[in-house]
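# Per-entry structural report
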Amino acid sequence: MKRILLIEDEKNLVRFIQLELEHELFEVQAAYDGKTGLELALQEEWDLILLDLMLPGLHGIEVCRRIRAAKKTPILMLTARDSVVDRVSGLDSGADDYMPKPFAIEELLARIRAIFRRTELERNDTHEKLSFQNITVDVDARIVYKDQQIVPLTKREFDLLVMFMKNHNLVLTRDMLLDQVWGYDSLVETNVVDVYVRYLRNKLGYNGETNLIHTIRGIGYVMR
Ligand code: CA
């Protein structure tokens, strides 16, 4: 069941929207001022936040900005009718969409469904991606791109690159790399790390000029 947080101070409107949304089988919780709404938005997980602009305590724009600073929860803003300023500042503060008041409940429901469709689509691309400079790694698909071009890597080279990407700017010792990439009970010598770093540098085409993986003499390597 989708959970919706409704931040709105007009009690009659809250009651009306809440009944309609519950009828559509959404779970709805109401907050009647900006501060309480913000706290609930940050403390709990919501599928959608309906946010009024003119709120006691904390203005809707400010509530929106603070939610957005911490979370990606979709926000549908309830703005004053025909107020371009409200709509623009609403979207600027990170709202996904706005609904001018007064509105027909069918239109609100249509916008809510549109937002849920969009978030479903985005959710389907759940691949973990890492980026550093012009290198991007799709961790789940195990594909490496350099300037949008695919760089073919072996399993070890790939695992090694992911270690560097996840820990860029941190010096990694040969032992750490060996443990993480080859495994604790591996019997390989630590100099195998040097060999694979060389392979990786060659394949990423950074040999010489602009090297991404730097040698820290006597210790290990760092990507920066
Ligand atoms: Ca209001």
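Residues numbered from 1 in each chain as written. Predicted model: local features only at pLDDT ≥ 70, side-chain atom pairs only at ≥ 80, totals over all residues. Heavy atoms only, no water.

### Section: the packing of helix H7 (residues 174-182) against helix H8 (residues 191-204)
- Packing of H7 against H8 brings their axes to within 9 Å, and their N-to-C directions diverge by 80 degrees. The orientation of H7 with respect to H8, classified from their angle, is roughly perpendicular. Of the residues in H8, those touching H7 at Arg174, Leu177, Leu178 and Trp182 are Val192, Val193, Asp194 and Tyr196.
- Grouping the constituent residues of the contact of H7 with H8 by class yields 6 nonpolar, no polar and 2 charged. (Axes fitted to C-alpha atoms, helices over the stretch in contact; angles between N-to-C directions. Helix = DSSP H or I, 4+ residues; strand = E, 2+ residues; numbered from the N terminus. Parallel < 35°, antiparallel > 145°, perpendicular 65-115°, else oblique. Contact = heavy atoms within 4.5 Å. Nonpolar A, V, L, I, M, F, W, Y, C, P; charged D, E, K, R; others polar.)

### Describing the packing of aromatic side chains
- Using the criterion set out here, one finds 3 aromatic pairs in the structure.
- Relative to Tyr196, the ring of Trp182 lies with its centre 5.3 Å away and its plane at 75 degrees, an arrangement referred to as edge-to-face. Taken together, the residues Trp182 in helix H7 and Tyr196 in helix H8 connect sequence positions 14 residues apart. Comparing Trp182 with Tyr196, the two get one shared label, buried.
- Residues Tyr196 and Tyr199 carry aromatic rings whose centres are separated by 5.2 Å and whose planes lie at 75 degrees to one another, so their mutual orientation is edge-to-face. Of this pair, Tyr196 and Tyr199 both sit in helix H8, 3 residues apart, roughly one helical turn.
- On the basis of relative accessibility, which here comes to 38%, the residue Tyr199 falls in the partly exposed class. (Phe/Tyr/Trp six-rings, centres within 6.5 Å; stacked < 30°, edge-to-face > 60°. Buried < 20%, exposed > 50% of the residue type's maximum accessible area, 1.4 Å probe, protein only.)

### Considerations on the pattern of salt bridges
- Per the counting criterion, the structure on display carries 17 salt bridges.
- Taking the shortest distance from any N to any O, the salt bridge between Lys155 and Asp159 comes out at 2.8 Å. Of the two residues, Lys155 and Asp159 are both situated in helix H6 (residues 155-166); the distance of 4 residues between them amounts to about one turn of the helix.
- On the accessibility criterion, Lys155 (53% relative accessible area) is exposed.
- Residue Asp159 is classed as buried on the basis of its relative accessible area, which comes to 18%. (Salt bridge = Lys/Arg side-chain N within 4 Å of Asp/Glu carboxyl O.)

### Details of the UniProt feature "modified residue: 4-aspartylphosphate" (unreviewed entry) in the protein
- Using the residue numbers shown here, the UniProt feature "modified residue: 4-aspartylphosphate" (unreviewed entry) corresponds to Asp52.
- Residue placement: Asp52 occurs in strand E3 (residues 48-52).
- For Asp52, a relative accessible area of 3% corresponds to the buried category.
- The contacts of Asp52, once residues within four sequence positions are left out, are Ile7, Glu8, Asp9, Gly60, Leu78 and Lys101. (UniProt positions renumbered as here; feature names shortened; annotations may be inferred.)

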